[in-house]
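# What the coordinates show
Residues per chain, in single letters:
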Amino acid sequence: MNDTMSRYRTMTGHRLFWPAAVLFVMLAANTIYRPGFLSIELKDGHLYGTPIDILRLSAPLILVALGMTLVISTGGIDLSVGSLCAISGAIACMYISKQPDQNSVGVVVTALAMAMGVSLVLGAWNGVLVAVIGIQPIIATLILMVAGRGLAQLITEGQIITINSEPYRAIGLGHALTLPLAIFIALAAALLVAAFTRRTALGMIIESVGGNATASRLAGIRSGRVIFLAYVISAACAAVAGFMMTANVSSADGNAAGLWVELDAILAVVIGGTSLAGGRFFLSGTIIGALIIQTLTTTVYAMDISPQTSLLFKAVVVIAVCLIQAPAFRARFSRRRRHAPPPAAIADKPKEQVPA
Amino acid sequence: MRKMRSHSASWRAAAALASVLLVGSVAACGNSDTGGGGTKDDGKITMGFSQVGAESGWRTANTISIKEAATAAGIELKFDDAQQKQENQIKAIRNYIQQKVDVIAFSPVVESGWDTVLKEAKDAKIPVILTDRSVDSADKSLYKTFLGSDFVKEGRLAGEWLVEQKKTASGPVNIVELQGSTGAAPANDRKKGFGEAIAANPNLKVIASQTGDFTRAGGKQVMEQFLKANKQIDVLFAHNDDMGLGALEAITAAGKVPGKDITIITIDAVKDGMQALADGKFNFIAECSPLLGPQLMDLAKKVKAGQEVPARIETEETTFTQAQAKEALPNRKY
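Just so it is clear, the structure is predicted and the values come from calculations on it, not from any experiment.

### Examining the overall build of chain B
Scanning chain B from N- to C-terminus turns up eleven helices and twelve strands. Taken over 334 residues, chain B has a buried fraction of 48%. Contacts spanning at least 24 positions in sequence make up 75% of the contacts within chain B whose residues lie at least 6 apart.

Printed below as a string of structure tokens:
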């Protein structure tokens, strides 16, 4: 009895338990509403079904949120990622649209390299503003958030640039091993970031900088350099996400591409258990957070919730998720509920709450 | 140490200032032609125009049409891009009042909050013409006329075409609808007009209706779910071309042929949409024309000459079938 109880606590105490549970409940609710929700079939040699849609559509958000996780764990925030998505997509599509042979792989690679180059420069601009000059991250990145969307529109000349390039389209819609290529790109980015942060000391360094930049500097860590790097990585992730978004519809829309994705990314990071105050981060949590957000959007469409009520619906779910995620809320709730149990059970409870 | 700190503080201030200036200068890029003194009295009509912004291809075409029509009509145009901000428009209109232009025209960013500045224009005896979008002022004497599309009519034209096409249909016809941004006038009105028209045939039923935010990505994402949730979809009605274009990809991925398995009706008739129509992927487009420049200049002359004009003028618009699209496409400006 005591053993199962403690095993239950270890499981629910795991930081990924609650986000995963929320995701599971959402999928279950959808399946009850429409039994075919989770069904997957093979069409033209690719897997086809709503779960695949969710994975493919959440790939750009996962990428943006990965970069955001690192930035937030240094105690910063990057509001410019949405505009960066628009810029990178606009540059790539604009370049491709001007070439005689849009289907040439060389053209697409050049376009991607150019767009990535500009994005890295813009990421470095954010990094310099925050790490070298010391402007508050929310203000420093707000500059590019506002100006960047204008820049994207300047590149596209206020038009929607439509391209007809198979190699570029593959980034958003291609398939590998019957699954969308976008999923593998997001997965590869996640593994790369995870390897760099968790297999080396970089992750710990980032967390220590986020915890206390001055103390870390005094301990011999070049805090400025770490913070700078976080913004550059965030920009790189946003650039790839921008490629996916524009490739998904084979067109660059400077006005709408990546609009508000920064807010979704911050939400994904928070749902995943990373502290907005900085100092610790959970990449796997962020990925589940991004999946939750995309599942929520898809749920609205799949259940055909009227557009007038869908925002409220989303808000209620997000509030519920955040509350369930909050250890303080859970503790209060469980204390009230478990008023009756014998004193022995209560006595060891405070210990359980500490790690959460 | 202290010296160093104050040094870095001033550095920070300078950098912050520089970035603010940068944003300011980027934002100011669109604001041209608002400066300058009063207008000369040489009988030439001067018009001050405040545009919403440059958020879409439609809007860009609208701007070009107005600029070209002004040159053609010999009207001096003072043009301002408000970058989607009401305060910019109010500022521009006040500028025009100060410069004593002959006519002020603008596309309001939002519907409300115009009474004060419109009153100022009225007191200065400068007639105001609204284009494309309206204001909700209770006092209709604050502006001369409203020149723009009738969104309800566009929806109705789309619906009427469908009713005509499906009049022989014996069974139910399942329609899915991609709405524009929730709460936007074109979305509300097009939905209303379409709904009214298809009520003529009880077989026509809208089985699902969601917002795709007027974007391709939105249209695609919603259509993917529509296709999975509904076994039989016969017709797609999208509130603009872009959402329809996004939906095309979703329909193809589902193994269906757009334009054949699913009849697609959209509104706007921008170039990419017309191309899809000419290619047989769309079936019908109700036009929402941005080319209201010539009509606007005509109105400006009439208003200046003191002639009475109707309080509501509709933009000259048409509809396109696949054959008409093929014909019209080579001369399409936007």
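### Side note on the interface of chain A and chain B
Facing 31 residues of chain A, the contacting portion of chain B comprises 33 residues. Elements supplying a minimum of two residues to the side of chain A that touches chain B: α3 (50-73), α6 (137-156), β3 (160-162), α11 (223-249), β6 (251-253), α13 (283-302) and α14 (307-325) of chain A. Looking at the side of chain A that touches chain B, the element that brings in the most residues is α6 of chain A, giving five residues. Tallied by class, the residues present in the side of chain A that touches chain B amount to 14 nonpolar, twelve polar and five charged.

### Considerations on the environment of L118 of chain B
All names here are of chain B. Within the fold, L118 resides in helix α4 (residues 115-123). Exposure remark for L118: the 22 C-beta atoms within 10 Å place this residue in the buried category. Excluding anything up to four places from it in sequence, L118 contacts V128, S137, L142 and Y143.

### Some details on the domain arrangement of chain B
Note on interface size: it is often stated as the accessible area lost on association of the parts. Examined at the domain level, chain B breaks down into domain 1 (46-149 + 290-316) and domain 2 (151-288). Of note, the centres of domain 1 of chain B and domain 2 of chain B, computed from C-alpha atoms alone, are 32 Å apart.

### Points about the sheet that holds strand β8 (residues 235-238) of chain B
Residue and element names in this part refer to chain B. Strand order across the open sheet formed by six strands is β7-β6-β8-β9-β10-β12, with mixed pairing between neighbours. For this open sheet the edge positions go to β7 (204-211) and β12 (319-321), each flanked by a neighbour on one side alone. Neighbouring strand axes in the sheet, compared pairwise and without regard to direction, differ in orientation by 15° on average. For strand β6 (residues 173-179) and β7, the ladder comprises seven bridges, and the chain directions are parallel. Each residue of the ladder has a partner; that of Q179, found in β7, is T211.

### Things to note about the environment of I161 of chain A
Residue and element names in this part refer to chain A. By the element assignment, I161 lies in strand β3. Among the residues examined, I161 registers 23 C-beta atoms within 10 Å and is labelled buried. The sequence separation of I161 and Y95 amounts to 66 residues, and the corresponding C-alpha distance is 10 Å. Among all residues touching I161, those that are not within four sequence positions of it are C93, M94, S97, T156, S251 and A252.

### Some points on the pairing of β8 of chain B
Across a regular strand the side chains alternate sides, sitting on one face of the sheet and then on the other. Residues and elements named next belong to chain B. In β8, alternate side chains face the same way, and those of V235 and F237 on one face and L236 and A238 on the other are all buried. Pairing of β6 with β8, which is carried by four bridges, proceeds in the parallel orientation. Across the sheet, the residue bridging to E177 is F237, located in β8. Sheet analysis places β8 next to strand β9 (residues 263-268), joined by three bridges and oriented parallel. When the bridges of β9 are listed, V235 appears paired with T263. Considered for its hand, the β-α-β crossover made up of β8, helix α8 (residues 241-253) and β9 is right-handed.

### Overview of unusual backbone geometry
All names here are of chain A. A positive phi angle, near 65°, is found at T178, a position not held by glycine. When you line up the elements, T178 lands in the loop between β4 (175-176) and β5 (179-180). Take T178: there are 14 C-beta atoms within 10 Å of it, and that puts it in the partly exposed class. You will see that W260, though not glycine, has its phi angle at about 65°, which is positive. Among the secondary structure elements, W260 is positioned in the loop between β6 and α12 (261-271).

### Observations regarding the packing of helix α8 (residues 181-198) of chain A against helix α9 (residues 202-211) of chain A
The relative placement of two packed helices comes down to the angle between their axes together with the axis-to-axis distance. Residue and element names in this part refer to chain A. With their axes 5 Å apart at the nearest point, α8 and α9 run at an angle of 75° to one another. When the axes of α8 and α9 are compared, the pair comes out roughly perpendicular. Residue-level contacts link F196, T197 and R198 of α8 to L202, G203 and I206 of α9. Grouping the constituent residues of the contact of α8 with α9 by class yields three nonpolar, two polar and one charged.

### Quick look at the pairing of strand β5 (residues 145-148) of chain B
Residue and element names in this part refer to chain B. Residues of β5 alternate between two faces, with T145 and L147 on one and F146 and G148 on the opposite face, all of them buried. Relative to β5, strand β4 (residues 128-131) runs parallel, the two being bridged by three bridges. Bridge pairing in β5 links T131 to L147. In this sheet, strand β11 (residues 312-314) lies alongside β5 in parallel orientation, the contact comprising three bridges. What sits directly across from L147, in β11, is I313.

### So, the sheet that holds β5 of chain B
Residue and element names in this part refer to chain B. On the basis of which strands lie adjacent, the open sheet formed by six strands has the order β2-β1-β3-β4-β5-β11 and parallel pairing. Each having just a single partner strand, β2 (76-81) and β11 make up the two edges of the open sheet. On average, adjacent strands in this sheet sit at an angle of 20° to one another, irrespective of strand direction.

### Here we look at the packing of helix α4 (residues 81-98) of chain A against α6 of chain A
Residues and elements named next belong to chain A. Packing of α4 against α6 leaves a shortest axis separation of 8 Å and a crossing angle of 15°. Classified by the angle their axes make, α4 and α6 are roughly parallel. Between α4 and α6 lies a crossing whose hand is left-handed. Only L144, M145, G148, R149, L151, A152, I155 and T156 of α6 make contact with α4, whose side of the interface consists of G82, S83, L84, A86, I87, A90, I91 and M94.

### Let's talk about the confidence of the model for chain B
All names here are of chain B. When pLDDT is averaged across chain B, the result is 86; 87% of the residues are at 70 or more. Across chain B, the element-wise mean pLDDT spans from 50 in helix α1 (residues 2-28) up to 97 in β8. Every residue in residues 1-6 is under pLDDT 50, and counting partners more than four places away or in other chains gives zero contacts. The model gives residues 21-40 a pLDDT under 50, and that stretch makes 25 contacts with residues more than four places away or in other chains. Under the prediction, the complex receives an ipTM of 0.85, its pTM being 0.82.

### Description of the environment of Q51 of chain B
Residue and element names in this part refer to chain B. Tracing the sequence through the fold places Q51 in strand β1 (residues 46-51). When the 25 C-beta atoms within 10 Å are taken as the criterion, Q51 is described as buried. Excluding residues that lie within four positions of it along the chain, Q51 makes contacts with T63, F79, D80, D81, A82 and S107.

### Quick notes on the confidence of the model for chain A
Put simply, chain A has an average pLDDT of 89, and 93% of its residues get 70 or more. Here residues 343-356 of chain A is modelled with pLDDT under 50, and outside its nearest four sequence neighbours on either side it reaches eight contacts, counting other chains as well.

Cut-off values and rules
- Residues numbered from 1 in each chain as written.
- Chains lettered and ligands numbered in written order.
- Predicted model: local features only at pLDDT ≥ 70, side-chain atom pairs only at ≥ 80, totals over all residues.
- Helix = DSSP H or I, 4+ residues; strand = E, 2+ residues; numbered from the N terminus.
- Buried ≥ 20, exposed ≤ 12 C-beta atoms within 10 Å, placed from the backbone.
- Contact = placed C-beta atoms within 7 Å.
- Nonpolar A, V, L, I, M, F, W, Y, C, P; charged D, E, K, R; others polar.
- Domains from an automatic or database assignment.
- Pairing = 2+ DSSP bridges.
- Axes fitted to C-alpha atoms, helices over the stretch in contact; angles between N-to-C directions.
- Right-handed = clockwise from strand over helix to strand, strands pointing away.
- Parallel < 35°, antiparallel > 145°, perpendicular 65-115°, else oblique.
- Left-handed = near helix turned anticlockwise from the far one by under 90°.
- pLDDT = per-residue confidence, 0-100.

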